Protein chains: 2
Amino acid sequence: MNHSNERATVGFIGLGIMGASMAGHLLRGGHSLHVYNRTASRAEALLAAGAHWQDSPGAVAAAADVVITMVGTPDDVEAIYFGSEGIVARAREGALLIDMTTSSPALAERIAVAAAARGLRALDAPVSGGDVGAREAKLSIMVGGDAEAFRRAQPILALMGTRIVRQGGPGAGQHTKLCNQIVIASTMLGVCEGLAYAQRSGLDAPTVLESIGGGAAGSFLLNNLGPRILREDFAPGFMIDHLVKDLRIAHGESERLALDLPGLTLALRQYESLAEGGEGRSGTQALYKRYAR
Amino acid sequence: MNHSNERATVGFIGLGIMGASMAGHLLRGGHSLHVYNRTASRAEALLAAGAHWQDSPGAVAAAADVVITMVGTPDDVEAIYFGSEGIVARAREGALLIDMTTSSPALAERIAVAAAARGLRALDAPVSGGDVGAREAKLSIMVGGDAEAFRRAQPILALMGTRIVRQGGPGAGQHTKLCNQIVIASTMLGVCEGLAYAQRSGLDAPTVLESIGGGAAGSFLLNNLGPRILREDFAPGFMIDHLVKDLRIAHGESERLALDLPGLTLALRQYESLAEGGEGRSGTQALYKRYAR
């Protein structure tokens, strides 16, 4: 068991657009890397660079001191962590488990409890920064779990992100990511409604951005997605299907907390309509299509 | 009639928190300044610094080459511009009229038409940047009107703002300001809902801001009003009563354009409820009170 900052054997499960970039940083950081992905072909570049293939999440866990997961949904997380062939059951003695999927806080707590029962440590560590942040190792990583596990994880997380903050105990990373998504949800309404008004009222929308982008209306989303909207570029930085998943988790949690968030509810409905209308794989800026004509 | 960049005789009507700061910059810029305000006492500091008092908006207009107005509501604008004692009727030959109030685009067009009928030029030039922007002469000024009038106004506007953009013909400045307010409306929903979730879920909200303020959720409002919300500072940078006025104009215009903006509608309702509940003179960040407990 190696608690120092030396090279650890790391397992990485989930090699989507973000996961593949993140795993690559660990490999280049000098770690021995064991990987698994549902679609095996996505591992090829990593294997060519020296990573080791394992045939299941449980097999990755059995081979690694630190197990990182970056999968799709809370159901996926549950499926790979629990059961007799799951990560918790098959992890090595003293292993550290880090789920970087955006998932439910309650599930993060369940994983932490199950891990502790086996003497393991678990962190929830969802990220923000999208595909670009993952590629450039500039993610914001929001961590929940005990302080000792966080200290142990830091040198590994530092290979993937620039802003790494422990937010509290198990689930706190997920709660923080949900805050992030709740802010984004209504901010996107504002961005798209403002630009739709600009277009409908006959203004030149790029000139409007020049006036409003640097002031009180300014935001990362207005200044980064606004120009894409205006050139009708709806390719995904972050996909609507993924945002819908996140907003559903946030909506469920806010109901559980008896917290009425009408902006979140409205944004979720708008995005669900878009997904039902076939825009699920478009970028979140395609919300503009609800307003444009 | 002086169309050059030399010192002009300027009239300024409306010496509220922002107007008084703006008029002061014109005086320090070397212009001869004639002022009027409904509450005369608010002019005292300017008069002590050399400004000349006039007893009515019409009297200001009769004394100045450039007439600037910064009053409360579209009704106030209408009252001072029209009628036999109004600004349009009493303005000097060749005068330039600049309304910097946030007001209705249709009213801006009416003023431009009435001014043109007398051979005058008019601009709508609402601002964003709040009391601080006015004090520091760092306003964003969104201008509608003809290009020649804009050129003539530029050296005067440059004494009050740093980002001065002509957005189009008469009314375009007002339309642009409404875009700004529409973006702000839903962004404020996101900021307050995200922070309310942070608090209710038991997170340490300042630490949450550390994680989310610099990423995709980041905005001027999150980073400037977020910390005020967390220290329960609801003093106005910009008052709810004024935002309600602006959002009502934006809502009316969007209906006229057959543009459904549910985020704007929701934010307007939230802010109207706050105003009805006695929060009209609080800052816009008091929206948080709708969620907190």
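Residues numbered from 1 in each chain as written. Chains lettered and ligands numbered in written order. Predicted model: local features only at pLDDT ≥ 70, side-chain atom pairs only at ≥ 80, totals over all residues. Heavy atoms only, no water.

## Quick look at the overall build of chain A
Heads up, the condition is: Numbering of helices and strands runs from the N terminus, with a helix taken as a DSSP run of H or I at least four residues long and a strand as a DSSP run of E at least two residues long. Throughout, radius of gyration means the C-alpha value; the globule benchmark is 2.2 Å times the number of residues raised to the power 0.38. Exposure classes here rest on a 1.4 Å probe applied to the protein chains alone. A residue is buried below 20% of its type maximum, exposed above 50%, and partly exposed in between. Each accessible area is a Shrake-Rupley result for a 1.4 Å probe, and residues are judged covered by the shown protein chains and nothing else.
Of the regular secondary structure elements, chain A holds 13 helices and nine strands. Relative to its length of 293 residues, chain A is compact, with a C-alpha radius of gyration of 20 Å against a globular reference of 19 Å. Counting only C-alpha atoms and orienting by the principal axes, one finds that chain A spans roughly 65 × 45 × 35 Å. The 293 residues of chain A split such that 62% are buried. Element-wise, carbon and sulfur atoms account for 48% of the exposed surface of chain A, whose accessible area totals about 10,900 Å².

## With respect to the relation of the copies chain A and chain B
The condition that has to hold: A residue counts toward the fit only if its pLDDT is at least 70 in both copies, and the copies are then superposed by least squares on the C-alpha atoms of those residues. Whether two residues are in contact is decided by their heavy atoms, any of which lying within 4.5 Å being enough.
Overlaying chain A on chain B yields an RMSD of 0.0 Å, the required transformation being a rotation through 180 degrees with an accompanying axial translation of 0.0 Å. This pairing of chains is accounted for by a two-fold axis. Most of the interface of chain A is mirrored in chain B: 100% of its interface residues are interface residues there too.

## Observations regarding the interface of chain A and chain B
Convention followed: Values labelled buried area give the accessible surface lost by two parts on being combined, using a 1.4 Å probe and summing over both. Put simply, a salt bridge is a Lys or Arg side-chain nitrogen that is within 4 Å of an Asp or Glu carboxyl oxygen.
Contacts between the two partners involve 58 residues from chain A, matched on the other side by 58 residues from chain B. Counting each side, the surface lost to burial between chain A and chain B is near 4,700 Å², with a carbon and sulfur contribution of 65%. Taken together, chain A and chain B are joined by zero salt bridges. Of all elements in the fold, only strand 8 (139–144), strand 9 (161–168), helix 9 (172–200), helix 10 (205–212), helix 11 (220–230), helix 12 (240–256) and helix 13 (262–279) of chain A reach the threshold of two or more residues within the side of chain A that touches chain B. Looking at the side of chain A that touches chain B, the element that brings in the most residues is helix 9 of chain A, giving 20 residues.

## Topic: helix 6 (residues 105–117) of chain A
Residues and elements named next belong to chain A. Under the convention used in this document: Between the first and last residue of a helix there are one fewer steps than residues, each counted as 1.5 Å, and that sum is the expected span. It is the directions from the helix axis to the C-beta atoms that the arc portrays.
When the terminal C-alpha atoms of helix 6 are compared, their 19 Å separation across 13 residues agrees well with the 18 Å that a helix rising 1.5 Å per residue should span. Buried within helix 6 are the following residues: Pro 105, Leu 107, Ala 108, Ile 111, Ala 112 and Ala 115. Projected down its long axis, helix 6 shows its buried positions confined to an angular sector of 160 degrees, all on one face. Away from its buried face by more than 90 degrees, helix 6 exposes Val 113 and Ala 117.

## Notes on the pattern of salt bridges
Evaluated as defined, the whole model comprises 24 salt bridges over all chains. When the shortest N-O distance is used, the salt bridge between A:Glu136 and A:Lys138 registers 3.6 Å. Judged by relative accessible area, which is 52%, A:Lys138 ranks as exposed. The salt bridge partner of B:Arg256 is B:Glu253, with a shortest N-O separation of 2.8 Å. Highlighted residues: B:Arg256 and B:Glu253, both in helix 12 (residues 240–256), separated by three residues, approximately one helical turn. Here B:Arg256 falls in the exposed class, since its relative accessible area comes to 55%. Of the residues examined, B:Glu253 reaches a relative accessible area of 7% and is grouped as buried.

## So, the pairing of strand 4 (residues 66–69) of chain B
Residues and elements named next belong to chain B. Put simply, the rule is: Should DSSP find at least two bridges between two strands, the strands are regarded as paired.
Residues Val 66 and Ile 68 point to one face of strand 4 and Val 67 and Thr 69 to the other, with burial holding for every one of them. Here strand 1 (residues 9–13) pairs with strand 4 via four bridges, running parallel. Residue pairing across strands places Val 10 opposite Val 66, the latter belonging to strand 4. Bridge count for strand 4 against strand 5 (residues 96–99) is four bridges, and the pairing is parallel. Opposite Thr 69, over in strand 5, you have Asp 99 as the bridge partner.

## As for the confidence of the model for chain A
Put simply, the test is: The predictor's confidence in any single residue is recorded as pLDDT, a number from 0 to 100.
The pLDDT averaged across chain A works out to 96; a share of 98% of its residues lies at or above 70. Here residues 1–5 of chain A is modelled with pLDDT under 50, and outside its nearest four sequence neighbours on either side it reaches seven contacts, counting other chains as well.

## A closer look at helix 13 of chain A
Buried residues of helix 13 of chain A: A:Gly263, A:Leu264, A:Thr265, A:Leu266, A:Ala267, A:Leu268, A:Gln270, A:Tyr271, A:Glu272, A:Leu274 and A:Glu279, and no others. Lining the buried residues of helix 13 of chain A we find helix 9 and helix 12 of chain A together with helix 9 (172–200) and helix 13 (262–279) of chain B.

## A look at empty space enclosed by the protein
For clarity, the threshold we go by: In this analysis a 1.4 Å probe is tested at points of a 1 Å grid over the protein atoms alone, and where it fits but cannot get out there is a cavity; an open set with protein on both sides within 12 Å along at least five of seven lines is a pocket; lining residues have an atom within 4 Å of a point. Grid points are joined across faces, edges and corners, and a volume is the space filled by probe spheres set on the points. Polarity classes work like this: nonpolar for Ala, Val, Leu, Ile, Met, Phe, Trp, Tyr, Cys and Pro, charged for Asp, Glu, Lys and Arg, and polar for all others, with Gly in that last group.
Scanning the entire structure with this criterion turns up three cavities of 30 Å³ or more. Reported here for the largest cavity is a volume of approximately 70 Å³. For the largest cavity, the full set of lining residues is B:Tyr81, B:Asp99, B:Ala108, B:Ile111, B:Ala112, B:Ala122, B:Leu123, B:Asp124, B:Gly144 and B:Pro170. Elements that contribute at least two residues to the lining of the largest cavity include exactly helix 6 (105–117) and strand 6 (121–124) of chain B. Among the residues making up the lining of the largest cavity, the classes are represented as seven nonpolar, one polar and two charged. For the second largest cavity, the calculated volume is near 50 Å³. Forming the walls of the second largest cavity are A:Tyr81, A:Leu97, A:Asp99, A:Ala108, A:Ile111, A:Ala112, A:Ala122, A:Leu123 and A:Asp124. Secondary-structure elements contributing two or more residues to the lining of the second largest cavity are strand 5 (96–99), helix 6 and strand 6 (121–124) of chain A. Of the residues belonging to the lining of the second largest cavity, the class tally is seven nonpolar, no polar and two charged.

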